[in-house]
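Structural features, examined
The primary structure of each chain is shown beneath.
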Amino acid sequence: MFLKNAWYVIAWGEEVGRAILARTVCNESIVVYRTEGGKVAALENACCHRQLPLAMGKLVGDNLQCGYHGLTFDPTGRCVAVPGQSTIPPEAGVRRYPVVEKYRMVWVWLGAPEQADEAKIPHLDRLANPDWVGKTGQQFHLHCNYELLNDNLMDLGHETFVHITSIGSEEVVAAHIKTTRDENAVRVERWMPDHDPAPFWKSAIKLAAQYDGHVDRWQQIEFIPPCNYILHVGVAPVGTGARQGDKSRGIEGCVISINTPETDHTCWQFWTFMRNFQTDQRDVDEKIGQAVHDLLSEDVLILNEQQKNLLARKNIRKVDIGHDAGGIQARRLIQRRLEEEGTLA
Amino acid sequence: MFLKNAWYVIAWGEEVGRAILARTVCNESIVVYRTEGGKVAALENACCHRQLPLAMGKLVGDNLQCGYHGLTFDPTGRCVAVPGQSTIPPEAGVRRYPVVEKYRMVWVWLGAPEQADEAKIPHLDRLANPDWVGKTGQQFHLHCNYELLNDNLMDLGHETFVHITSIGSEEVVAAHIKTTRDENAVRVERWMPDHDPAPFWKSAIKLAAQYDGHVDRWQQIEFIPPCNYILHVGVAPVGTGARQGDKSRGIEGCVISINTPETDHTCWQFWTFMRNFQTDQRDVDEKIGQAVHDLLSEDVLILNEQQKNLLARKNIRKVDIGHDAGGIQARRLIQRRLEEEGTLA
Amino acid sequence: MFLKNAWYVIAWGEEVGRAILARTVCNESIVVYRTEGGKVAALENACCHRQLPLAMGKLVGDNLQCGYHGLTFDPTGRCVAVPGQSTIPPEAGVRRYPVVEKYRMVWVWLGAPEQADEAKIPHLDRLANPDWVGKTGQQFHLHCNYELLNDNLMDLGHETFVHITSIGSEEVVAAHIKTTRDENAVRVERWMPDHDPAPFWKSAIKLAAQYDGHVDRWQQIEFIPPCNYILHVGVAPVGTGARQGDKSRGIEGCVISINTPETDHTCWQFWTFMRNFQTDQRDVDEKIGQAVHDLLSEDVLILNEQQKNLLARKNIRKVDIGHDAGGIQARRLIQRRLEEEGTLA
């Protein structure tokens, strides 16, 4: 029940090199590697001969040689050698996946190759903008369906309970949320005016050495199906015009989280926190990266246990509350796309 | 296939406090905790909102607050708060289980609440009698269906093979057993006259410093469905009238074992050994508790392997022998109750 | 889907003694032990009473006593004692398996006992010939179906890729193979004339101190269903007549591999490497035994991963190549036998 006609992040670009990396996306095991020219290739992780994982093979130039009988495949999946014989069976070959490296991430397309339009990769401008910096390469492996992670990120009301020592405060759960949806995205916005900032923001303000006292705080979520999540956050001194559009007096961050399904009950979270302050201080990357790592780890614990309980229980009743609006809209958008693909027809 | 209209021990009273304890009974995951007033509450271990285990939440006064979005439930399972909104959805709430603390144990009722009659808790008089002492709080977690543990305890002929270094001897397996059943209980009785006592009893006699030489020994079992087991045991100097009803010259013990089903293939054994001798010496609690712990551990090994073999094998033939009489009657009584409940109708 | 009317090696003879050994063959758990007279008995590993594994029991003379209630079985599986009663239920008893010790191995028959003809045990002459020596007792436990191990051994073209540091070389994969099949066996033969020997053979030649330079090398496989494998290998100085039938100038080895199915997705490999050179030097046993152990371990890694991939993937396409001829014939022979047995009828 996964969308096939979609780009999925399989890895950070920095993870992929001349060592073969195997990872499962939507129940499909895929190997990725770089050619000598630096381009990324993505092939199915099973030799067409006797199904040894190709991850156990080795690279010979730009080609991948199986570690069992030496069948060799080029980056398009074509079989170019069968040791011990001069002819190559016409049906020999492995599936290749359309693959694009963009925004420091490697994206694979699981649907029909002819529909693999690079323009469909969601815009992650913060990762392309030199005025914004942050540590990349971070990831979590979660034991839950990726939609539970979507839900979690769409509903930030949970911050008050799960992340009370960092980004949570009474203001978050109490704030009014505005949820909108169009054909391609769900947006959730929340403003928390005039309050003593939560510990994470207090630390960030201290790092940026800008101001004391109360702040106006905002969260602006953009969700693009099936699993792409962009969260613009920030604080500014009270009443300095942030809500009216002038965030120049504040400090801003952007959480990007790509929630790639691995199997029905596991997923990957490729994440980063980009910022537009103290951009020349690399140690701030580490400090903020660690803080975000720690708070996202709190969600991992929650989501793993939530999934276990969902699998263990029958006759589940599910009561919705107001904060669920964004997550419910995200699920509807995915559902509609599945219907369009005919997966659910 | 578990009896619902029955009281099951979920924990020793001493295990339950202001920390939330989660345990599964008959495939239902339940949390128990004490209110500030000391009463025990028992709720289903899943928030009605998004099914996070409530064991991951925290107590706020007498109420339980979910660790994900802060929904809060009172000890009856009623939802009393949904953070971020003023109205509570009418369907919000979690199942509460009737719960009673009695005989130092916490009992939950899994069936219809209106049938949860405290008078149906089996009588464990030895745990209420100040003339009897013993260490409580012990338990084993077994990887077998609870009826295998029932069988084991109903047939003490196995002592001669499994517990030969402690309570087993040729006399046990050779003794005649008398098995009776009424609507509510199965009883098995065995007398082993005039023999050199088994090691466990030799040690007990030494602790109680009473006599040397041969003894008359008895075992009197009472089983109350579905999993409540009381074993009266003892030895007395040969021919001092124990069998005729005067046990005053002997030393007596009472094993209580509550064999609560956890899942289809696992169970809990909440057990104690109570005694009426050396009642003022607490170190005897430890010595005898350890001895009984060690010999019951021998059964755990047996039962875990028996269950594995039963699950692994097809076309099992099961030959009954004379010693099985008690266990077979216990199974019949459970079966009849299941039929009455309609579970098997 | 296993052949029943076949002899399967359950253990090396040296593994079986007065301790009870339990092992699973074709999904049947079996215990083997030696009587006081040294004969091997093989019984089903479950007491007929309450299915405790008999491996948890103990030997009493030639009989096996269950560790739970003491039921006792003789080497034919007949129940000879039920403690606590004088009569033995007529249906009491456990299944006995026809068992033969031959070629230092213990063979059990899983089919109808009256068809258990010892003459059907495959001829492993090298293990009966005093001119050949080698270390026995080695085994691997693999997480793959036994036919994957058969395939692996029938197709030695993989040596060039899996065992390149020991027995693999370009000559192996490039050599022409001759495959023949009759009703009872598949044979695969390969000659690799005039080449610089692979590292394993270089070391063997050095141990045998016979000659330098190029060699003619051969591999002659005999496969007898369902899982018996004999591989005659050797090298001789170039052009000294080995291929014409005179191997006297060469050094010869024989790999015997019995690939006993354990479960649908696991198997045992009982193996040895016998040789006809340096037969009086026992340290050569260890050196060559270790070398073969190390290279077979490389196959274990491959086969375990191959099996995982086969189980994880749907819609598997399987392209055959020339080297598969022997393995495909072996599978056909097994398939035909299964049809004869009616398992697949």
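Everything discussed here concerns the structure shown above.
The present account deals with the structure reproduced in this document. Predicted, not measured: the structure shown is a model, and the values here were computed from it.

Digging into the interface of chain B and chain C
Where interface size is given, it is often the accessible area lost as the parts come together that is meant. Across the boundary between the two partners, chain B contributes 25 residues, which contact 27 residues of chain C. Interface of chain B and chain C: buried area, both sides summed, is about 2200 Å²; carbon and sulfur atoms make up 55% of it. Summed over the shared surface of chain B and chain C, the result is 4 salt bridges. A salt bridge links arginine 317 of chain B to glutamate 44 of chain C, with the shortest nitrogen-to-oxygen separation between them at 3.7 Å. Of all the secondary-structure elements, those providing two or more residues to the side of chain B that touches chain C are helix H1 (146-154), helix H2 (159-162) and helix H5 (282-312) of chain B. Of the residues forming the side of chain B that touches chain C, the biggest block, 7 residues, is contributed by H5 of chain B.

Description of the relation of the copies chain A and chain C
Superposition record for chain A on chain C: RMSD 0.1 Å, screw rotation 120 degrees, translation along axis 0.1 Å. Such values leave the two copies arranged in the relation of a three-fold axis. For chain A, the smallest separation between a C-alpha atom and the rotation axis is recorded for leucine 311 of chain A, amounting to 13 Å.

Details of the pattern of salt bridges
Within the structure shown, the criterion is met by 63 salt bridges over all chains. Glutamate 28 of chain A is the salt-bridge partner of lysine 4 of chain A, the closest N and O atoms lying 2.7 Å from each other. Of the two residues, lysine 4 of chain A sits in the segment before strand S1 (7-12) while glutamate 28 of chain A sits in strand S3 (residues 28-34), which places them 24 residues apart along the sequence. What makes lysine 4 of chain A partly exposed here is its relative accessible area of 30%. On the basis of relative accessible area, glutamate 28 of chain A is assigned to the buried category, the value being 14%. Here glutamate 28 of chain C ties to arginine 95 of chain C by a salt bridge, and the two come within 3.0 Å at their closest N and O atoms.

Some thoughts on the pairing of strand S18 (residues 266-275) of chain B
Residue and element names in this part refer to chain B. The element S18 is extensively covered by neighbouring structure, given that 10 of its 10 residues are classed as buried. In the sheet, strand S11 (residues 138-142) pairs with S18 via 5 bridges, with the strands oriented antiparallel. Counterpart to phenylalanine 140 in the pairing with S18 is glutamine 269. Bridge count between strand S16 (residues 251-258) and S18: 6 bridges; the pairing is antiparallel. When the sheet's bridge partners are listed, glycine 253 is paired in S18 with arginine 275. In this structure, strand S17 (residues 261-263) lies alongside S18, joined through 2 bridges in antiparallel fashion.

Observations regarding the packing of helix H1 (residues 146-154) of chain A against helix H6 (residues 325-341) of chain A
All names here are of chain A. One can describe the packing of H1 onto H6 by two numbers: an axis separation of 8 Å at closest approach and a directional angle of 140 degrees. By the angle between their directions, the pair H1 and H6 is classed as oblique. The element H1 and its partner H6 pack so that their crossing is right-handed. For the pair formed by H1 and H6, the contact residues are Tyr146, Glu147, Leu148, Asn150, Asp151 and Met154 on the first element and Gly326, Gly327, Ala330, Arg331 and Ile334 on the second. Looking at the contact of H1 with H6 residue by residue, the classes come out as 5 nonpolar, 3 polar and 3 charged.

Rules of the game
- Residues numbered from 1 in each chain as written.
- Chains lettered and ligands numbered in written order.
- Predicted model: local features only at pLDDT ≥ 70, side-chain atom pairs only at ≥ 80, totals over all residues.
- Heavy atoms only, no water.
- Contact = heavy atoms within 4.5 Å.
- Buried area = accessible area lost by both parts, 1.4 Å probe.
- Salt bridge = Lys/Arg side-chain N within 4 Å of Asp/Glu carboxyl O.
- Helix = DSSP H or I, 4+ residues; strand = E, 2+ residues; numbered from the N terminus.
- Least-squares fit on C-alpha atoms with pLDDT ≥ 70 in both.
- Buried < 20%, exposed > 50% of the residue type's maximum accessible area, 1.4 Å probe, protein only.
- Pairing = 2+ DSSP bridges.
- Axes fitted to C-alpha atoms, helices over the stretch in contact; angles between N-to-C directions.
- Parallel < 35°, antiparallel > 145°, perpendicular 65-115°, else oblique.
- Left-handed = near helix turned anticlockwise from the far one by under 90°.
- Nonpolar A, V, L, I, M, F, W, Y, C, P; charged D, E, K, R; others polar.

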